[in-house]
Amino acid sequence: MPMRHAYAVEVEWTGAGAEGTRTYRSYTRDHVIRIDGLPDILGSSDPTFRGDRARHNPEQLLLASLAQCHMLSYLHQAATRGIVVTAYRDAASGTMVTEGTGGRFTEAVLHPVVTITDASQAADALDAHEQANRDCFIASSVAFPVLHEPTIVVAGRVVAGEVHA
């Protein structure tokens, strides 16, 4: 039986200024994301769309959610498989195209670099990314491919995959 999970956030636009949305340039895209019991996140739009570069934008937060979800799913897979992970970092990237007044992501690419303790588990550590991708709630919810190009490291040496810039 499926279990339902509910989430709640509050988003408040703070950029009305004196004129509100009288014109496209009369307001800022600044807003605050609030989640009960957590620090506020200051948001805006991408600077390309008149946003504040000092604030998080939705596109960055979507990419961060994908990378975060994959990492957590991967760590679960590693623990289940008996793979000891001692470090994990990801330099995720995403591509969005715009057309008219809308746009959409066409793909996200995760570049996790995972440090494990046992080189003999490198192949299994790479394979765990496949299952983690299937298990990730966020990746399963988006309408574009979420790819991953992992690197496995043991004792500071790449043993599987390759390092991506």
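The structure displayed is predicted, hence computed values, not measured ones. (Residues numbered from 1 in each chain as written. Predicted model: local features only at pLDDT ≥ 70, side-chain atom pairs only at ≥ 80, totals over all residues. Heavy atoms only, no water.)

J.: Hey, could you go over the sheet that holds strand β6 (residues 102-110) for me, with residue numbers and the actual values?
T.: Taken together, the three strands give an open sheet; going across it, the order is β5-β6-β8, and neighbouring strands pair in mixed fashion. Each of the sheet's edge strands pairs with one partner strand only, and the pair in question is β5 (93-99) and β8 (146-148). In this sheet, neighbouring strand axes are inclined to one another by 20° on average, regardless of whether the strands run parallel or antiparallel. Where β5 meets β6, seven bridges bridge the pair, whose relative direction is antiparallel. Residue pairing across strands places Ser 93 opposite Val 109, the latter belonging to β6. In the packing of helix α1 (residues 58-81) onto the sheet, contacts are made with β5, β6 and β8, and the angle to β6 comes to roughly 30°. (Pairing = 2+ DSSP bridges. Helix = DSSP H or I, 4+ residues; strand = E, 2+ residues; numbered from the N terminus. Axes fitted to C-alpha atoms, helices over the stretch in contact; angles between N-to-C directions. Contact = heavy atoms within 4.5 Å.)

J.: Can you lay out the environment of Pro 150 for me, pointing to particular residues and giving the numbers?
T.: Position of Pro 150 relative to the elements: it lies in the loop between β8 and β9 (151-154). Here Pro 150 falls in the buried class, since its relative accessible area comes to 12%. The spacing of Pro 150 and Val 11 is 139 residues in sequence and 34 Å in space, taken between C-alpha atoms. (Buried < 20%, exposed > 50% of the residue type's maximum accessible area, 1.4 Å probe, protein only.)

J.: Give me the lowdown on the packing of aromatic side chains, citing residues and values where you can.
T.: All told, the structure shown has three aromatic pairs when counted by the stated rule. Between the aromatic rings of Trp 13 and Tyr 27, the centroid separation amounts to 5.9 Å while the plane-to-plane angle is 85°, which identifies the pairing as edge-to-face. Here Trp 13 is found in strand β1 (residues 10-13), whereas its partner Tyr 27 is found in the loop between β1 and β2 (31-34), with 14 residues between them in sequence. Classification of Trp 13 as partly exposed rests on a relative accessible area of 41%. (Phe/Tyr/Trp six-rings, centres within 6.5 Å; stacked < 30°, edge-to-face > 60°.)

J.: I'd like a description of the layout of surface pockets, backed by residues and values.
T.: Approximately 770 Å³ is the volume attributed to the largest pocket. Residue lining of the largest pocket: 19 residues in total, with Tyr 7, Ser 65, Gln 68, Cys 69 and Ile 138 positioned closest to the centre. The biggest single contributor to the lining of the largest pocket is α1, with nine residues. Counted by class, the lining of the largest pocket contains 13 nonpolar, five polar and one charged residues. Every residue along the wall of the second largest pocket is listed here: Asp 46, Thr 48, Phe 49, Asn 57, Glu 59, Gln 60, Leu 63, Gly 94, Thr 95, Met 96 and Phe 105. Across the lining of the second largest pocket, the residue classes tally to four nonpolar, five polar and two charged. (1 Å grid on protein atoms, 1.4 Å probe; cavity = no way out; pocket = protein on both sides within 12 Å on 5 of 7 lines; lining within 4 Å. Points joined across faces, edges and corners; volume = space filled by probe spheres on them. Nonpolar A, V, L, I, M, F, W, Y, C, P; charged D, E, K, R; others polar.)

J.: Can you tell me about the side chain of Ser 73, naming the residues and giving the values?
T.: Inspection of the secondary structure assignment puts Ser 73 in helix α1. Residues contacting Ser 73, with those up to four places away along its chain left out, are Ala 132, Asp 135 and Cys 136.

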